[in-house]
Number of protein chains: 2
Amino acid sequence: MDNFTYCSPTRYIFGKDTESQAGQLTIGMGSKNVMLVYGHGSVVRSGLLDRVKKSLDEAGVTYTELSGIDPNPTDDRVYEGIDIARKKSIDGLVAVGGGSVIDTAKAIALGVPYQGDFWDFFAGKLKAETALPVGTVLTIPAAGSEGSGNCVITRKEGLHKISLRTDFALRPKFAILNPELTVTLPPNQTAAGIADMMAHIMERYFSPTTDVEVTDRISEGILKAIIEEAPKVIANPDDYQARANIMWAGTMAHNGICGCGRVEDWVSHAMEHEISAVYGVTHGAGLAVVFPAWLTFMANHAPTKPAQFARRVFGIINHDDKSAALEGITALRGFYLSLGLPVSFGMLGIATPDIDLLVKKLHENKGEVIGGYYRLTQADTYEIYKMMVNGEI
Amino acid sequence: MDNFTYCSPTRYIFGKDTESQAGQLTIGMGSKNVMLVYGHGSVVRSGLLDRVKKSLDEAGVTYTELSGIDPNPTDDRVYEGIDIARKKSIDGLVAVGGGSVIDTAKAIALGVPYQGDFWDFFAGKLKAETALPVGTVLTIPAAGSEGSGNCVITRKEGLHKISLRTDFALRPKFAILNPELTVTLPPNQTAAGIADMMAHIMERYFSPTTDVEVTDRISEGILKAIIEEAPKVIANPDDYQARANIMWAGTMAHNGICGCGRVEDWVSHAMEHEISAVYGVTHGAGLAVVFPAWLTFMANHAPTKPAQFARRVFGIINHDDKSAALEGITALRGFYLSLGLPVSFGMLGIATPDIDLLVKKLHENKGEVIGGYYRLTQADTYEIYKMMVNGEI
């Protein structure tokens with residue numbers, strides 16, 4: 001167990017009708033004139049946006065709208081938002097949507113008080129310390145941004161999709177989590193969200209740090225809960241209780257509790273970010289393709305933790321680590337398939353992936369040798385991408 | 001899963017030598033002139049107090065000392081502390097010790113800005129909203145007060161031991177968690193702390209609320225980690241990694257994450273508080289006596305959750321709920337005994353407990369019918385106390 005610092009100050013307001021508290025919570029985070037950030041029509045059609053506006057109105061909070069945020073959000077909307085926020089003297093942001101909307105709001109929150117180009121933070125030129133307060137009303141359990149200090153933005157020029165991680169500056173002040181808002185999500189989006197939250201746990205779980213039994217058991221527990229609840233939300237989208245568990249799991253998966261005391265990995269996320277930057281696929285669907293391939297490589301090179309994962313999460317009984325790991329991967333792939341997720345490039349709709357390009361961009365962005373659990377060269381990541389072509393072991 | 005609000009803003013600084021950050025963290029919580037609260041000689045003898053003072057000095061923080069806080073802390077020291085704090089214009093508190101020291105500091109923090117008697121909050125006359133900031137340097141993993149909004153103080157007059165629970169006001173601003181500080185704890189204190197943290201999880205786990213799979217799995221995971229690591233710290237007190245896991249488990253057990261989305265129970269704690277108020281026993285040792293008896297009653301009246309506990313935490317394989325529950329209780333009692341903990345009044349050194357008195361005080365303090373998982377009358381709690389006489393099932 002390594003030394004660590006952990007602080008998750010986000011106030012979670014979980015349950016039915018909780019969006020009616022948005023106004024008071026916004027006042028509570030010290031904001032009176034906010035930017036209201038959202039995506040396309042669904043939050044309008046569902047009436048959610050009106051309910052949030054009503055709550056802001058009742059609390060005396062004024063707002064300026066920034067709408068039409070796309071999945072895999074891009075820097076141009078962030079620049080636009082920073083510009084408007086400054087002109088309107090915005091003192092906080094309320095994001096109503098999923099990870100893309102929340103991350104756009106976070107990046108704007110970071111950019112407004114900074115005199116230079118907000119991309120400097122994503123380019124690693126300086127550390128994010130100050131940002132406007134951000135509140136969130138979550139509609140898609142997946143990215144976990146509602147409880148994390150992270151933010152993913154794609155630079156349009158060169159398609160660089162970069163994840164910025166802060167300890168503190170970008171953690172939302174509040175997260176309204178109403179599972180009812182998620183019952184209308186289509187199955188493919190529900191499933192992709194589940195693959196994403198599982199990946200957030202697994203990127204932390206596959207660690208070279210030993211003696212992290214508490215953090216391991218918490219991680220395995222949340223994964224087991226997801227595996228238990230996910231089939232219910234696919235089979236019966238109106239199942240409030242299953243939706244509630246999936247929503248809470250998505251937040252816990254990424255608020256850092258599963259990473260305490262250890263080195264994390266994040267290569268699978270980085271590999272997927274290249275796929276979605278080049279081919280525009282859904283992040284969660286891409287992760288369902290990447291993870292079994294990455295795990296298969298690990299079963300061959302460092303099977304200890306994949307074997308523990310297989311035994312504790314999927315109940316595999318096999319005393320040989322490599323065999324147990326491979327059985328666990330089969331179970332994981334079967335689980336993804338049962339939710340309707342793809343497990344190969346072909347199933348993602350990418351018949352002939354440009355693996356050379358993916359490897360080149362991956363190592364350009366992340367370095368020559370990458371990974372926390374096991375260090376990977378370009379030859380290694382090429383081999384892993386190659387395994388995704390047919391999703392074979 | 002019920003609606004809930006959850007916010008755990010405490011900054012955890014975990015690992016070796018972290019007490020050297022006490023000064024900067026105190027400045028970070030907005031305090032420059034603090035009350036330094038601690039117990040008896042051990043923090044002095046170990047040199048810890050000097051290291052904390054050095055860190056405060058280097059950060060320019062001045063301090064007034066309040067020392068000699070006893071286990072099961074009493075209201076007289078709180079009144080004394082409030083009086084001194086006002087005279088010295090204290091703007092925060094730093095507690096160096098275990099739960100008794102931290103709880104004394106919290107109660108003083110609550111009392112200083114309140115014009116009336118601080119006991120009003122414990123008597124339920126008004127809600128705790130404002131307190132001076134409190135920072136902690138933990139030396140005993142047990143009470144979980146370093147990460148909770150709770151505070152337990154005993155009123156000397158009438159021996160009323162009351163637990164005050166706040167959502168927010170009494171959550172410490174920081175918790176320094178250095179597992180090295182715990183390697184000198186004697187085995188009985190280590191074991192009592194382990195029983196206490198397990199109880200904090202179980203009081204939340206035994207809930208009438210269904211469909212709380214994520215919170216259940218997290219709770220079970222932390223319990224399994226404790227059961228894995230506890231024998232190591234008893235067998236080898238110097239085992240840093242096992243000490244680290246136990247320390248982190250103790251904080252997670254009580255910072256509220258195991259209670260999200262459900263009604264909690266807390267009858268076992270209330271029953272133990274009466275035992276320790278009357279007989280002065282160690283809280284954790286008392287809990288090891290209470291819990292198996294309480295669970296045995298539940299195996300007879302509401303075996304569903306005790307059976308899940310037995311199966312998932314202790315790996316019991318038995319399809320009948322009551323039988324599984326009883327096997328789980330045997331395993332739990334065996335685990336307590338393996339750590340050197342008592343499991344009966346006799347082993348606690350109480351040959352002839354005054355059960356009538358305990359029942360009377362319990363229901364005076366908590367009400368006619370008590371409990372979250374299952375509602376208990378005076379006849380029921382009498383039966384449960386009676387089962388503790390010989391620790392029999």
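Source: prediction; values computed, not measured.

The rules we used
- Residues numbered from 1 in each chain as written.
- Chains lettered and ligands numbered in written order.
- Predicted model: local features only at pLDDT ≥ 70, side-chain atom pairs only at ≥ 80, totals over all residues.
- Heavy atoms only, no water.
- Core = buried A, V, L, I, M, F, W, Y, C linked by side-chain atoms within 4.5 Å.
- Buried < 20%, exposed > 50% of the residue type's maximum accessible area, 1.4 Å probe, protein only.
- Contact = heavy atoms within 4.5 Å.
- 1 Å grid on protein atoms, 1.4 Å probe; cavity = no way out; pocket = protein on both sides within 12 Å on 5 of 7 lines; lining within 4 Å.
- Points joined across faces, edges and corners; volume = space filled by probe spheres on them.
- Helix = DSSP H or I, 4+ residues; strand = E, 2+ residues; numbered from the N terminus.
- Nonpolar A, V, L, I, M, F, W, Y, C, P; charged D, E, K, R; others polar.
- Pairing = 2+ DSSP bridges.
- Axes fitted to C-alpha atoms, helices over the stretch in contact; angles between N-to-C directions.
- Least-squares fit on C-alpha atoms with pLDDT ≥ 70 in both.
- Buried area = accessible area lost by both parts, 1.4 Å probe.
- Polar contact = N/O pair within 3.5 Å; in protein donor to acceptor, adjacent residues only side chain to side chain.
- Salt bridge = Lys/Arg side-chain N within 4 Å of Asp/Glu carboxyl O.

## Concerning the nonpolar core
Ranked by internal contacts, the top residues of the largest apolar core, which has 233 residues, are Trp248(A), Tyr336(A), Trp248(B) and Tyr336(B). With sequence-adjacent residues up to four places away left out, Tyr336(B) is seen in contact with Ala195(B), Met198(B), Met202(B), Ala288(B), Phe291(B), Pro292(B), Leu341(B) and Val343(B).

## Examining empty space enclosed by the protein
Counted under the stated rule, the structure contains three cavities of 30 Å³ or more. Lining the largest cavity are 13 residues, with Tyr6(A), Ile257(A), Tyr6(B), Ser8(B) and Asn255(B) positioned closest to its centre. At the level of elements, β1 (4-14) of chain A together with β1 (4-14) of chain B are the ones that each hand at least two residues to the lining of the largest cavity. For the lining of the largest cavity, the element with the most residues is β1(B), which contributes four residues. Residues that form the lining of the largest cavity fall into these classes: eight nonpolar, five polar and no charged. Put simply, the second largest cavity is a space of about 50 Å³.

## Remarks on the sheet that holds strand β3 (residues 62-66) of chain A
Overall, mixed pairing links the twelve strands, which are arranged β3(A)-β2(A)-β4(A)-β5(A)-β8(A)-β1(A)-β1(B)-β8(B)-β5(B)-β4(B)-β2(B)-β3(B) in an open sheet. Looking at which strands have only one partner, the edges of the open sheet turn out to be β3 of chain A together with β3 (62-66) of chain B. Pairs of neighbouring strands in the sheet enclose a mean axial angle of 25°, with direction left out of account. Contacts from helix α4 (residues 75-87) of chain A reach β2 (33-38) and β3 of chain A within the one sheet, and its direction differs from that of β3(A) by about 155°. Most of the contacts of helix α9 (residues 240-252) of chain B go to β1(B), to which it runs at about 150°, and overall it touches β1 of chain A together with β1, β5 (134-138) and β8 (174-177) of chain B.

## Overview of the relation of the copies chain A and chain B
For the match of chain A to chain B, the screw axis carries a shift of 0.0 Å, the RMSD comes to 0.0 Å, and the turn is 180°. Seen this way, the second copy is the image of the first under a two-fold rotation axis. Across chain A, the rotation axis passes nearest the C-alpha of Pro9(A), at a separation of 1.9 Å. Mapped onto chain B, 100% of the interface residues of chain A are again interface residues, and the two copies thus contact each other with one and the same surface.

## Digging into the interface of chain A and chain B
Contacts between the two partners involve 40 residues from chain A, matched on the other side by 40 residues from chain B. Carbon and sulfur atoms make up 61% of the area that chain A and chain B hide from each other, which totals about 3,500 Å². Counting the surface chain A buries against chain B, the share from its top three residues, Met1(A), Val214(A) and Trp248(A), is 18%. Counting the contacts that link chain A with chain B gives 14 residue pairs in polar contact (both at pLDDT 80 or more). Looking at the side of chain A that touches chain B residue by residue, the class counts come to 21 nonpolar, ten polar and nine charged. Summarising the sheet, β1(A) and β1(B) pair through seven bridges and their orientation is antiparallel. Residue pairing for β1(B): Phe4(A) is matched across the bridge by Phe14(B).

## Remarks on the pattern of salt bridges
On inspection of all chains with the given rule, the structure shows 40 salt bridges over all chains. Linking Arg51(A) and Glu19(A) is a salt bridge whose minimum nitrogen-to-oxygen distance equals 2.9 Å. Linking Arg51(A) in helix α3 (residues 48-58) with Glu19(A) in the loop between β1 and α1 (22-28), this pair joins segments that are 32 residues apart in sequence. Relative accessible area serves as the criterion here: at 4%, Glu19(A) is assigned to the buried category. Across the pair Glu220(B) and Arg312(B) runs a salt bridge whose closest N-O atoms are separated by 3.2 Å. In this pair, Glu220(B) is assigned in helix α8 (residues 213-235) and Arg312(B) in helix α12 (residues 304-314), connecting sequence segments 92 residues apart. Residue class for Glu220(B) comes out buried when judged on its relative accessible area of 2%. Shared partners join several salt bridges into a network, and the residues in it are Glu213(A), Arg217(A), Glu220(A) and Arg312(A).

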